There are 6 protein chains.
Amino acid sequence: MRHEDYVRTYAPRQDARPARAGSVMPAAHRPAADLSAAPASGLDAYRVAREPYYRALSDEVELYEAAYSVRLPVMLKGPTGCGKTRFVEYMAWKLGKPLITVACNEDMTASDLVGRYLLDANGTRWQDGPLAMAARLGAICYLDEVVEARQDTTVAIHPLTDARRILPLEKKGEIIEAHPDFQVVISYNPGYQSLMKDLKQSTKQRFAALDFHYPEHEVEAEIVAHESGVGLEVAKNLVHIAERSRNLKGHGLDEGISTRMLIYAGSLIAQGVAPLGACRMALVRPITDDPDMRDALDAAVTTYF
Amino acid sequence: MRHEDYVRTYAPRQDARPARAGSVMPAAHRPAADLSAAPASGLDAYRVAREPYYRALSDEVELYEAAYSVRLPVMLKGPTGCGKTRFVEYMAWKLGKPLITVACNEDMTASDLVGRYLLDANGTRWQDGPLAMAARLGAICYLDEVVEARQDTTVAIHPLTDARRILPLEKKGEIIEAHPDFQVVISYNPGYQSLMKDLKQSTKQRFAALDFHYPEHEVEAEIVAHESGVGLEVAKNLVHIAERSRNLKGHGLDEGISTRMLIYAGSLIAQGVAPLGACRMALVRPITDDPDMRDALDAAVTTYF
Amino acid sequence: MRHEDYVRTYAPRQDARPARAGSVMPAAHRPAADLSAAPASGLDAYRVAREPYYRALSDEVELYEAAYSVRLPVMLKGPTGCGKTRFVEYMAWKLGKPLITVACNEDMTASDLVGRYLLDANGTRWQDGPLAMAARLGAICYLDEVVEARQDTTVAIHPLTDARRILPLEKKGEIIEAHPDFQVVISYNPGYQSLMKDLKQSTKQRFAALDFHYPEHEVEAEIVAHESGVGLEVAKNLVHIAERSRNLKGHGLDEGISTRMLIYAGSLIAQGVAPLGACRMALVRPITDDPDMRDALDAAVTTYF
Amino acid sequence: MRHEDYVRTYAPRQDARPARAGSVMPAAHRPAADLSAAPASGLDAYRVAREPYYRALSDEVELYEAAYSVRLPVMLKGPTGCGKTRFVEYMAWKLGKPLITVACNEDMTASDLVGRYLLDANGTRWQDGPLAMAARLGAICYLDEVVEARQDTTVAIHPLTDARRILPLEKKGEIIEAHPDFQVVISYNPGYQSLMKDLKQSTKQRFAALDFHYPEHEVEAEIVAHESGVGLEVAKNLVHIAERSRNLKGHGLDEGISTRMLIYAGSLIAQGVAPLGACRMALVRPITDDPDMRDALDAAVTTYF
Amino acid sequence: MRHEDYVRTYAPRQDARPARAGSVMPAAHRPAADLSAAPASGLDAYRVAREPYYRALSDEVELYEAAYSVRLPVMLKGPTGCGKTRFVEYMAWKLGKPLITVACNEDMTASDLVGRYLLDANGTRWQDGPLAMAARLGAICYLDEVVEARQDTTVAIHPLTDARRILPLEKKGEIIEAHPDFQVVISYNPGYQSLMKDLKQSTKQRFAALDFHYPEHEVEAEIVAHESGVGLEVAKNLVHIAERSRNLKGHGLDEGISTRMLIYAGSLIAQGVAPLGACRMALVRPITDDPDMRDALDAAVTTYF
Amino acid sequence: MRHEDYVRTYAPRQDARPARAGSVMPAAHRPAADLSAAPASGLDAYRVAREPYYRALSDEVELYEAAYSVRLPVMLKGPTGCGKTRFVEYMAWKLGKPLITVACNEDMTASDLVGRYLLDANGTRWQDGPLAMAARLGAICYLDEVVEARQDTTVAIHPLTDARRILPLEKKGEIIEAHPDFQVVISYNPGYQSLMKDLKQSTKQRFAALDFHYPEHEVEAEIVAHESGVGLEVAKNLVHIAERSRNLKGHGLDEGISTRMLIYAGSLIAQGVAPLGACRMALVRPITDDPDMRDALDAAVTTYF
């Protein structure tokens with residue numbers, strides 16, 4: 001998060017204008033076939049205009065492209081802050097498809113996804129929810145942290161995630177047949193799984209799955225340096241600290257320090273904050289209040305800075 | 001799910017137009033008597049226009065036809081992804097009846113099934129829910145995963161599933177007498193049954209029941225090959241992997257790999273993805289995060305590919 | 001449920017027209033005094049036009065008539081599918097009174113019974129619920145499976161079921177004094193009673209009660225033969241199977257096979273389905289998934305067919 | 001409940017007309033002072049027009065009159081069916097005050113008591129609930145089975161049941177000062193008290209309390225004979241049966257047979273039903289499904305009939 | 001509660017007229033400074049017109065005045081019926097400030113306190129809740145039994161009870177800055193505290209607290225005599241009975257007999273009811289159904305009467 | 001809280017007028033760059049007009065400024081009443097940004113934060129919630145005690161607290177891109193953390209964190225003296241008492257006495273209340289009803305006064 005551009009450099013949706021001439025956006029990489037099936041104009045705001053920074057870790061880009069080519073629903077698994085959301089944005093940009101993201105939560109109802117009637121001056125009118133809009137107009141619909149949603153949310157996507165590819169709007173008496181470009185992507189963090197909160201088998205079996213992990217040392221340092229503006233050496237030290245914390249997962253920490261947090265710490269250092277203070281504020285204080293854990297993490301910080 | 005037609009080949013409701021001349025739809029197979037009792041035009045969108053691919057496993061087609069001929073309510077039991085929904089679509093097509101499908105969930109109210117008043121420019125107006133529409137106009141109403149619904153949903157179908165064949169709309173003060181073509185079909189997965197979630201005896205005893213299982217080896221391979229576009233040998237290997245996983249049900253897996261998942265894996269392979277990667281993405285990763293189970297399933301994959 | 005008339009033979013409310021000349025309806029059996037007190041026309045849809053088939057098992061018809069003559073509220077107790085609903089329909093026909101049936105469930109509110117304000121083009125207007133309509137216009141109000149309802153439902157009937165015979169519509173500021181023809185009838189299945197769900201003593205003590213059981217062997221076979229169209233010998237065999245299952249109640253089965261299920265099985269046999277298949281589909285599969293219970297019931301089926 | 005007059009003899013509110021000339025209503029017994037303070041006409045429907053039959057058991061009438069004279073809130077305690085509601089109706093008639101009865105239940109909200117805004121053609125308008133109406137216009141407000149209500153109901157009566165005698169309508173921004181005739185009466189059955197459901201001390205301490213029990217043998221028989229139309233000997237036998245059942249309370253029965261049930265049984269006998277059948281239907285079957293209890297109660301019935 | 005004036009003598013808000021000439025209201029006692037800051041006319045109905053009877057027990061009047069002078073929020077702690085509400089009314093009268101009382105309950109929402117939009121003929125309009133009205137116009141807002149309220153109620157008062165003295169109306173997009181006269185007062189009964197229901201520390205630490213207890217013997221007798229109209233000797237005996245009951249608190253009684261109950265008993269005695277009957281009805285029967293406790297309390301009654 | 005100015009001295013938002021000439025507000029301290037990006041006029045009411053009194057304890061001001069310069073979301077941790085809210089107000093003033101504060105509670109929905117449709121004379125119109133308003137117009141949005149909110153509240157801020165900086169309004173079909181000035185700040189008290197109520201890791205990892213504690217002895221006394229108007233010696237004694245109570249945290253007290261409470265006590269003393277009474281009322285009585293704890297705290301009070 002560099003100072004001079006914290007609202008400009010990375011913000012793929014911040015303007016929906018087509019890429020400017022001279023842009024680095026590799027439009028030629030997009031499958032030509034897909035460009036022909038242009039989604040409706042109603043989704044312009046959901047287009048990813050500029051290429052998001054994404055550093056591929058394995059063959060996830062190719063696998064996703066294969067899944068998309070037959071429109072398999074895809075499930076992204078991995079811990080928070082390791083790049084799942086960025087990956088979807090990157091793929092949406094690469095495929096040239098609009099992306100509609102929904103942050104799931106336990107109070108979200110099926111109507112929030114599918115749509116509802118609103119009262120208008122002329123009586124009620126129907127308004128598509130994000131899922132219906134994506135299915136109707138042809139977007140990738142990304143349900144972030146889907147395991148947080150109530151069952152009616154996850155069940156609502158069933159007819160869109162098997163061979164039927166339809167979305168019945170029972171309240172409206174309409175059946176939406178999914179646009180050829182439409183695809184469902186969900187993410188969830190297996191570490192959160194509990195007996196109370198897990199996807200049903202009938203949901204799981206509707207998705208192909210990709211596992212995400214924190215990147216390898218060198219790659220993660222490269223990402224941190226690129227995103228925060230610190231030098232590679234500082235970034236490597238930050239990654240060392242994160243790796244120590246990840247070993248403490250399950251031994252006092254619920255989660256290790258994520259790549260996102262390293263970028264936060266790097267951004268503070270790039271702003272001139274002393275590394276020790278930056279690490280305490282961005283890496284240690286947020287994730288634990290346990291004195292022993294704080295000591296352990298503070299020790300890791302002082303080892304590298 | 002073949003590449004060139006993932007939105008065209010199989011999608012029985014994607015156009016509600018009558019079958020074209022030269023179509024392979026065996027209209028002659030339909031009982032002539034039923035064709036005379038044409039349901040109202042309001043259900044055209046719910047007609048299954050082209051014959052869905054369905055491979056009969058036993059005498060389920062004949063038993064269903066007998067049950068339909070006396071309009072017995074029918075309950076389909078079996079694991080997820082073994083073809084229950086496809087079977088209902090096939091029967092609806094074969095009988096020439098419209099099909100209204102409702103994905104049940106625990107947040108669905110009786111009003112979602114039966115109907116409700118909507119506020120209009122001219123005050124409130126009644127809108128039939130899917131069950132009322134099916135009963136009024138003469139469709140097969142398919143309540144998918146009915147055990148997920150709340151009791152008021154299941155109780156709402158009682159008067160339609162005994163000799164009375166009526167649906168009282170208490171809020172509207174109307175009694176719908178079921179159209180002669182109307183039938184109720186429900187599905188549920190006995191594996192999900194728990195003490196908390198089971199159908200009441202007074203509901204169960206209103207239905208004749210058909211059991212569904214995964215098809216036998218040869219048949220399942222044939223289905224996977226047909227639906228995904230892979231060769232029969234690859235399909236057989238996929239079925240072998242699934243069979244291994246089904247033996248692990250109850251010993252670390254909640255459910256085995258379903259036919260649907262095999263079709264997903266086959267589709268990826270048909271797209272050019274290496275079998276190992278395709279199986280990991282489509283068969284293993286989605287259903288378990290347990291390292292031991294993953295090892296066991298990965299071993300099964302490497303045995304056959 | 002015979003094929004040729006599954007929507008015509010038995011469906012007492014399917015036309016509200018007066019009985020045709022030459023009808024077998026024994027109008028003369030009705031108490032003359034009651035015919036004079038004609039309920040309002042608003043209840044015509046709720047009249048039982050033709051005599052429902054009902055085979056009296058004991059003196060329940062006479063006891064009910066005595067209770068109705070002093071308008072005692074009546075409670076029908078017995079297992080599912082043994083004929084409670086049919087009995088109420090028969091009595092309503094015999095007494096010449098309209099019948100309003102409400103299938104109770106745990107999500108039904110007192111407003112669903114009593115009534116509510118609806119928003120109209122001219123503002124809100126009151127709409128009587130089924131209980132208020134029955135009390136105002138003079139019908140028998142039958143609350144099916146009342147134990148499933150929430151307390152506010154059962155408490156709402158209190159002032160109608162003691163000497164006051166009134167229904168206060170608190171939201172409307174009106175007190176309905178029950179029409180002279182009005183009576184409350186409730187049913188429930190003591191087998192479902194649990195500590196959580198039982199009627200309160202203050203509710204129970206407002207009702208006279210009639211016990212219902214499955215009919216005796218010969219009578220039940222006669223009913224099954226009449227309703228399904230199978231011969232008496234087949235019907236007797238079906239009853240034998242049911243009796244075996246009823247002995248298993250509490251020893252692996254929650255409920256035995258009901259008369260209704262036997263009629264289902266008989267209907268399939270009358271349609272030409274082989275008895276073994278018909279019994280499996282209509283008697284065994286619906287009520288249990290336990291392998292041992294299924295074996296026991298399948299054995300009973302093969303004993304008699 | 002005599003046949004010829006089940007809707008006429010006892011039904012104090014069935015006509016709100018003033019007592020006819022020659023009526024037996026002892027208007028002279030009413031305190032003259034109270035007659036002067038006539039409540040508003042809006043409560044005419046709530047007046048008790050004719051003297052309800054009430055047989056005083058002790059000094060409860062005098063104590064109630066003293067409490068009313070200083071407008072103390074009164075709590076009536078006792079089992080179901082022993083005459084609490086009838087007593088309140090009698091006192092309302094004797095004092096010449098209108099009576100508004102509310103059957104409390106756990107789904108009733110404070111708004112149901114106090115009032116709410118309704119949507120009208122001209123926007124929202126306020127509608128007093130029964131408690132607000134009683135307080136504003138001057139009625140006795142009787143909350144039947146108050147312990148069933150949620151806390152917000154019982155707390156809503158607090159400002160009306162201490163020295164303030166006001167009802168703040170927070171949603172309307174109005175404070176109703178209670179009419180001089182207004183009084184709150186509540187009933188509850190201590191037998192139902194549980195740890196979960198009891199009145200708060202701050203509610204209890206706002207009421208003077210009267211205990212109610214079943215009447216003594218001779219008195220109860222007299223009441224049963226009067227209300228049902230059977231002879232005194234039959235009535236005495238019915239009371240004997242009830243007394244046996246009351247000894248079983250807590251030893252297999254939740255409650256004994258109430259006076260109301262005896263009147264039900266007597267009414268059936270007066271209709272010509274044989275005493276044994278009448279007692280089984282009206283006394284035994286409603287209150288228990290336990291075979292041993294039924295045997296014990298049936299034995300009591302055969303002892304006396 | 002004396003007979004001749006139960007709706008006139010004590011009812012501070014029953015007329016909002018200014019005190020009549022010759023009134024005993026000691027207007028001169030009010031701090032002159034406060035009289036100048038007159039609250040808006042919208043609060044006239046909430047003014048305490050005549051001096052409520054209040055017998056100071058310690059320095060609570062002075063402490064409250066000091067707290068009010070710096071507008072500290074005040075918490076009144078003590079058992080039910082010991083005079084907390086009367087004290088607030090007295091202080092409001094003494095300070096010449098309007099008093100808005102809210103009886104808290106667990107179904108009250110933050111909107112009930114803060115305000116909401118109502119639908120009008122001209123669309124929605126905002127209506128201040130009692131807290132917003134008090135803050136805007138300058139009243140003492142008294143939240144009675146605040147511990148009964150849900151957390152959103154208690155959290156809603158936070159910004160009004162620290163140095164900010166603001167009330168953000170999030171739904172309206174307005175920030176009310178508290179009128180200089182505004183103060184929050186809450187009451188609660190520590191005896192009710194449970195693990196489930198207690199104020200949060202962040203709420204408690206926003207209040208100065210005053211403890212309330214039952215008055216000393218002589219003082220309590222004086223209060224009972226004054227309020228009920230009985231002689232001092234009778235009043236002293238009533239207090240003796242109450243004191244015995246208070247020793248039983250925690251040993252079979254949840255709460256002892258309150259001063260309010262003694263006034264009830266005294267009022268009945270003043271009406272001519274025999275002391276024994278009056279004490280049973282007003283002191284013993286309301287607070288316990290336990291036979292042993294009743295015996296103990298009845299014995300205390302017969303000791304003194 | 002000094003007498004003469006309890007509504008004037010400290011109340012940063014009480015007038016939104018620009019600081020008067022001669023004001024002590026050090027406008028020059030504000031980063032010049034920020035002054036140029038003026039937020040929309042709709043936020044004028046949310047500007048902090050005059051410098052709030054804030055005594056920096058460590059480098060928290062500098063760290064916050066660094067975090068704000070890259071718009072890192074910030075989490076403030078610490079006990080109630082230690083100055084977290086004041087710190088945010090000070091920083092908002094120092095940075096010249098509007099401040100929108102939301103007091104979180106468990107009944108607050110995502111709609112309360114994000115916005116909702118309101119019914120208007122011309123139908124529904126959208127109204128931004130405080131979070132949407134802050135994001136759209138450019139304010140610091142401070143979610144006080146965020147751990148009290150339901151998950152849907154905390155999840156709603158996710159897209160605003162990572163690199164995307166967007167707020168999807170699913171119900172409106174709009175994506176708000178955060179204004180360059182926008183920042184999210186949350187507070188919570190780690191002492192309240194329980195298994196049931198804690199932030200999810202995916203929320204925690206989106207924030208940089210600052211720890212807050214009670215100030216050191218001398219500094220806290222200085223603050224108390226400044227805010228309450230008592231002399232420094234009295235203030236020191238008050239701090240001594242607080243320190244004793246803080247040692248009892250976890251040994252009978254849930255929380256120690258906060259700085260805010262000391263200011264309350266000091267204000268009462270400055271009003272002329274005797275120190276002992278002031279301390280009992282403002283320090284001891286509010287936080288505990290346990291007799292032993294009260295004795296311990298009262299002893300601390302008498303030690304210093």
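- An unreviewed UniProt entry annotates chain A as Post-translational RubisCO activator CbbQ of Thiomonas arsenitoxydans.

**Here we look at the pairing of strand E7 (residues 174-177) of chain A**
Residues and elements named next belong to chain A.
Step number 1: In the sheet, strand E6 (residues 166-169) pairs with E7 via 4 bridges, with the strands oriented antiparallel. Considered in E7, the bridge of leucine 169 is made with glutamate 174.
Step number 2: Here E6 folds back onto E7, and the loop between the two strands holds 4 residues, one of which, glycine 173, carries a positive phi near 70°.

**Some points on the relation of the copies chain F and chain A**
For the pair of chain copies, the relating operation is a rotation around an axis with a shift along it.
Step number 1: Superposing chain F onto chain A takes a rotation of 60° plus a shift of 0.0 Å along the axis, which leaves an RMSD of 0.0 Å. A rotation of that kind, with that shift, is consistent with a six-fold axis.

**Remarks on the UniProt feature "domain: CbbQ/NirQ/NorQ C-terminal" (unreviewed entry) in chain A**
Step number 1: Taking the numbering used here, the UniProt-annotated feature "domain: CbbQ/NirQ/NorQ C-terminal" (unreviewed entry) corresponds to residues 220-303 of chain A.
Step number 2: Secondary structure content for residues 220-303 of chain A is 71% helix and 0% strand, while the C-alpha to C-alpha distance between its ends is 19 Å.

**So, the interface of chain D and chain E**
Step number 1: At the junction of the two partners, chain D supplies 50 residues and chain E supplies 55 residues.
Step number 2: Here chain D packs against chain E, burying approximately 4,500 Å² in sum over the two surfaces, 55% of which is carbon and sulfur.
Step number 3: Our enumeration of links across chain D and chain E arrives at 4 salt bridges.
Step number 4: Here Glu145(E) makes a salt bridge to Lys200(D), at a shortest N to O gap of 3.2 Å.

**A word on the interface of chain F and chain A**
Step number 1: In this complex, chain F contributes 50 residues to the contact, which on the side of chain A involves 55 residues.
Step number 2: In this assembly, chain F packs against chain A so that about 4,400 Å² is buried in total across both faces, 54% of it on carbon and sulfur atoms.
Step number 3: For the chain F face of the interface with chain A, the top three residues by lost area are Arg164(F), Gln201(F) and Gln205(F), together amounting to 16%.
Step number 4: Seen at the junction of chain F and chain A, the total is 4 salt bridges.
Step number 5: Between Asp211(F) and Arg285(A) there is a salt bridge, with the nearest N and O atoms lying 3.4 Å from each other.
Step number 6: Seen at the junction of chain F and chain A, the total is 13 residue pairs in polar contact (both at pLDDT 80 or more).

**Quick look at the sheet that holds strand E5 (residues 140-144) of chain C**
All names here are of chain C.
Step number 1: Taking strand neighbours across the sheet as the criterion, the 5 strands line up as E2-E5-E8-E1-E9 in an open arrangement whose pairing is parallel. Every interior strand has two partners, whereas the edge strands, strand E2 (99-103) and strand E9 (208-211), have only one. Between one strand axis and the next, the sheet turns through 20° on average, direction left out of account.
Step number 2: Pairing between strand E1 (residues 74-77) and strand E8 (residues 183-188): 4 bridges, direction parallel. Bridging across to E8, leucine 76 finds its partner in serine 187.
Step number 3: Relative to the sheet, helix H5 (residues 130-137) contacts E2 and E5, its axis offset from that of E2 by approximately 160°.

**Focus: the packing of helix H9 (residues 232-247) of chain C against helix H12 (residues 291-304) of chain C**
All names here are of chain C.
Step number 1: For the pair H9 and H12, interaxial distance at closest approach is 9 Å and the crossing angle is 155°. If you check the angle between H9 and H12, you find them roughly antiparallel. Crossing of H9 against H12: the hand is right-handed. Packed against H9, whose contacting residues are Asn237, His240, Ile241, Arg244 and Ser245, the element H12 presents Leu297, Ala300, Val301, Thr303 and Tyr304 at the interface.
Step number 2: Tallied by class, residues from the contact of H9 with H12 come to 5 nonpolar, 4 polar and 1 charged.

**Quick word on the domain arrangement of chain A**
All names here are of chain A.
Step number 1: Segmenting chain A into domains produces domain 1 (3-211) and domain 2 (217-304).
Step number 2: Taken together, the contacts link 11 residues of domain 1 with 10 residues of domain 2.
Step number 3: For the domain 1 face of the interface with domain 2, the top three residues by lost area are Tyr53, Arg55 and Gly81, together amounting to 55%.
Step number 4: On inspection of domain 1 and its partner domain 2, the count reaches 2 salt bridges.
Step number 5: Taken together, domain 1 and domain 2 are joined by 5 residue pairs in polar contact (both at pLDDT 80 or more).

The rules behind these values
- Residues numbered from 1 in each chain as written.
- Chains lettered and ligands numbered in written order.
- Predicted model: local features only at pLDDT ≥ 70, side-chain atom pairs only at ≥ 80, totals over all residues.
- Heavy atoms only, no water.
- Pairing = 2+ DSSP bridges.
- Helix = DSSP H or I, 4+ residues; strand = E, 2+ residues; numbered from the N terminus.
- Least-squares fit on C-alpha atoms with pLDDT ≥ 70 in both.
- UniProt positions renumbered as here; feature names shortened; annotations may be inferred.
- Contact = heavy atoms within 4.5 Å.
- Buried area = accessible area lost by both parts, 1.4 Å probe.
- Salt bridge = Lys/Arg side-chain N within 4 Å of Asp/Glu carboxyl O.
- Polar contact = N/O pair within 3.5 Å; in protein donor to acceptor, adjacent residues only side chain to side chain.
- Axes fitted to C-alpha atoms, helices over the stretch in contact; angles between N-to-C directions.
- Parallel < 35°, antiparallel > 145°, perpendicular 65-115°, else oblique.
- Left-handed = near helix turned anticlockwise from the far one by under 90°.
- Nonpolar A, V, L, I, M, F, W, Y, C, P; charged D, E, K, R; others polar.
- Domains from an automatic or database assignment.

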